[in-house]
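Chain residues, written in single-letter form:
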Amino acid sequence: MSDKNTVIVIGLGRFGQSVCRRLAALKQEVIGVDRNMHRVEEVADIVDLAAQVDATDEEALIKIGAKEANVAIVAIGENVEASILATSILRDLDVKHIIARAQNSLHARVLAQVGAHKVIFPERDMGMRLADTIVFPWLTEFAPLPGSSYLIGSIEATDEMMGKTLADLSFRSKYNLTILMVERKGTKFIPGPDTVLQQGDILTVIGQREDIDRLKNL
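None of the values given here were measured: they were computed from a predicted structure. Per chain, residue numbering runs from 1 following the sequence as it is written. Only residues with pLDDT of at least 70 are given local features in this predicted model, and only at 80 or more are side-chain atom pairs given and counted; all residues enter the totals for whole chains, interfaces and linings. Side-chain calculation: all heavy atoms of the structure are included, whereas hydrogens and water are not.

A. Structural context of the environment of Arg 91. Runs of E in the DSSP output that reach at least two residues are strands. Runs of H or I that reach at least four are helices, and both are numbered from the N terminus. Structurally, the position occupied by Arg 91 is in helix H4 (residues 80-92). A sequence separation of 25 residues divides Arg 91 from Ala 116, and the C-alpha atoms of the two residues are 7.5 Å apart. When neighbours within four sequence positions are excluded, Arg 91 is seen to be in contact with Ile 98, Val 114, Gly 115 and His 117. Separated by 2.9 Å, the side chain of Arg 91 and the backbone oxygen of Gly 115 make a polar contact. Residues count as neighbours in contact if any of their non-hydrogen atoms are within 4.5 Å of one another. Polar contacts here mean pairs of N or O atoms no more than 3.5 Å apart (in protein, one a potential hydrogen donor and the other a potential acceptor; neighbouring residues in sequence count only if both atoms are side-chain atoms).

So this is what it looks like as structure tokens:
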């Protein structure tokens, strides 16, 4: 995808509005759609185009530019039938990437069958994320890599690392993590095997959750 996408967000409840606000902040071109005029008005000053449209009406979606969108997010909440029909229509319009919100596993299967490229469960995922951060507080400093079980984030070099090179530490084999970058006194650089770690160094690492947790608890 290019740096700037045209994204149509269908369904402007709390989740849909949150998506619109974040996309707008990231300088994406956003089309917000909902049958409820009040919800449309709530995002009118945020998005590039806000429209009161029935998302199951193909002609109406075409008129507001759905065919020109390269990403569509079907964020409809309770109306399962409408979310399925809207997803099917978007697929027929050849939208390149369709992300649809599901209420349950059966709904998710149907969405995938009618054309969703990705199905999400915002409430379930948020609940799991909250629970995980209680058990693993450091998770707030890390982000998952899409489509994988890897996390990326920053940690501070531990006392046992001070004055040692990455080669001395056998960092990758010992911790099963990869250092992508080191930040030292505000300067960032890519380390090599002979890089000596110093007090206050911030390491950007990538790895599996259990390996990061093991390092964080040393």
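There is more to say, and it comes next.
B. A look at the sheet that holds strand S11 (residues 202-208). Any two strands with at least two DSSP bridges between them are considered paired. Pairing is antiparallel across the open sheet formed by five strands, whose spatial order is S7-S8-S11-S9-S10. The sheet is open, and its two borders are formed by strand S7 (142-144) and strand S10 (187-189), each paired with just one other strand. Each adjacent strand pair in this sheet contributes to an overall mean axis angle of 20 degrees, direction not counted. Here three bridges tie strand S9 (residues 178-184) to S10, and the two strands are oriented antiparallel to one another. Note that in S10 the partner of Glu 183 across the bridge is Lys 188. A fitted line through C-alpha atoms represents every axis, and for helices the fit uses only the stretch in contact; the resulting angles, taken between N-to-C directions, go from 0 to 180 degrees.

C. Inspection of the layout of surface pockets at higher detail. Of the volumes computed, that of the largest pocket is approximately 920 Å³. Cavity and pocket criteria rest on a 1 Å grid covering protein atoms alone: a 1.4 Å probe that fits but cannot get out defines a cavity, protein on both sides within 12 Å along at least 5 of 7 lines defines an open pocket, and an atom within 4 Å of a point defines a lining residue. Residue lining of the largest pocket: 24 residues in total, with Lys 118, Asp 125, Met 126, Arg 129 and Pro 144 positioned closest to the centre. Here the lining of the largest pocket takes eight residues from helix H6 (residues 122-135), the largest share from any one element. Here the nonpolar group is Ala, Val, Leu, Ile, Met, Phe, Trp, Tyr, Cys and Pro; Asp, Glu, Lys and Arg are the charged ones; every other residue, Gly included, is treated as polar. Residues that form the lining of the largest pocket fall into these classes: twelve nonpolar, four polar and eight charged. Grid points are joined across faces, edges and corners, and a volume is the space filled by probe spheres set on the points. Roughly 420 Å³ of volume is contained in the second largest pocket. Of the residues contributing to the lining of the second largest pocket, the split by class is nine nonpolar, five polar and eight charged.

D. Examining the side chain of Asp 34 more closely. Summarising the element assignment, Asp 34 is placed in strand S2 (residues 29-34). Partly exposed describes any residue whose relative accessible area lies between the buried limit of under 20% and the exposed limit of over 50%, with all areas from a 1.4 Å probe on protein chains only and scaled to the type maximum. A relative accessible area of 9% places Asp 34 in the buried class. There is a polar contact of 2.7 Å between the side chain of Asp 34 and the backbone nitrogen of Asn 36. Those residues in contact with Asp 34 that lie beyond four places of it in its chain are Gly 11, Leu 12, Gly 13, Arg 39, Val 40, Ala 51, Gln 52 and Val 53.

E. Seen up close, the pairing of strand S4 (residues 71-74). Going residue by residue along S4, you find Val 71 and Ile 73 tucked away on one face and Ala 72 and Val 74 tucked away on the opposite face as well. With four bridges connecting them, strand S1 (residues 6-10) and S4 associate as parallel partners. In the sheet register, Ile 10 faces S4, and the bridge partner there is Val 74. For the handedness criterion, the strands are oriented away from the viewer, and a crossover whose path from the first strand over the helix to the second runs clockwise is classed as right-handed. Handedness of the S4-H4-strand S5 (residues 97-101) crossover: right-handed.

F. Main features of the pattern of salt bridges. The working definition used for a salt bridge is a side-chain nitrogen of Lys or Arg within 4 Å of a carboxyl oxygen of Asp or Glu. On inspection of all chains with the given rule, the structure shows six salt bridges. Between Lys 216 and Glu 141 there is a salt bridge, with its nearest N and O atoms 3.4 Å apart. Separated by 75 residues along the polypeptide, Lys 216 in helix H9 (residues 209-216) and Glu 141 in the loop between H6 and S7 bring together distant segments of the chain. Residue class for Lys 216 comes out partly exposed when judged on its relative accessible area of 31%. Classification of Glu 141 by relative accessible area gives partly exposed; the value is 44%. Glu 160 serves as the salt-bridge partner of Lys 174, at 2.9 Å between the closest nitrogen and oxygen.

G. Examining the nonpolar core more closely. One finds Ile 8, Ile 10, Leu 61, Ile 64 and Leu 90 to be the most contacted residues of the largest nonpolar core, which totals 29 residues. Secondary-structure elements contributing two or more residues to this core are S1, S2, helix H3 (58-63), S4, H4, S5 and helix H5 (105-114). Of all the elements, H4 adds the most residues to this core, at five residues. Other than its neighbours up to four places away in sequence, Leu 90 contacts Ile 10, Ala 66, Ala 72, Val 74, Val 95 and Ile 98. Nonpolar cores are built from buried Ala, Val, Leu, Ile, Met, Phe, Trp, Tyr and Cys residues. Side-chain atoms within 4.5 Å join them into one set.

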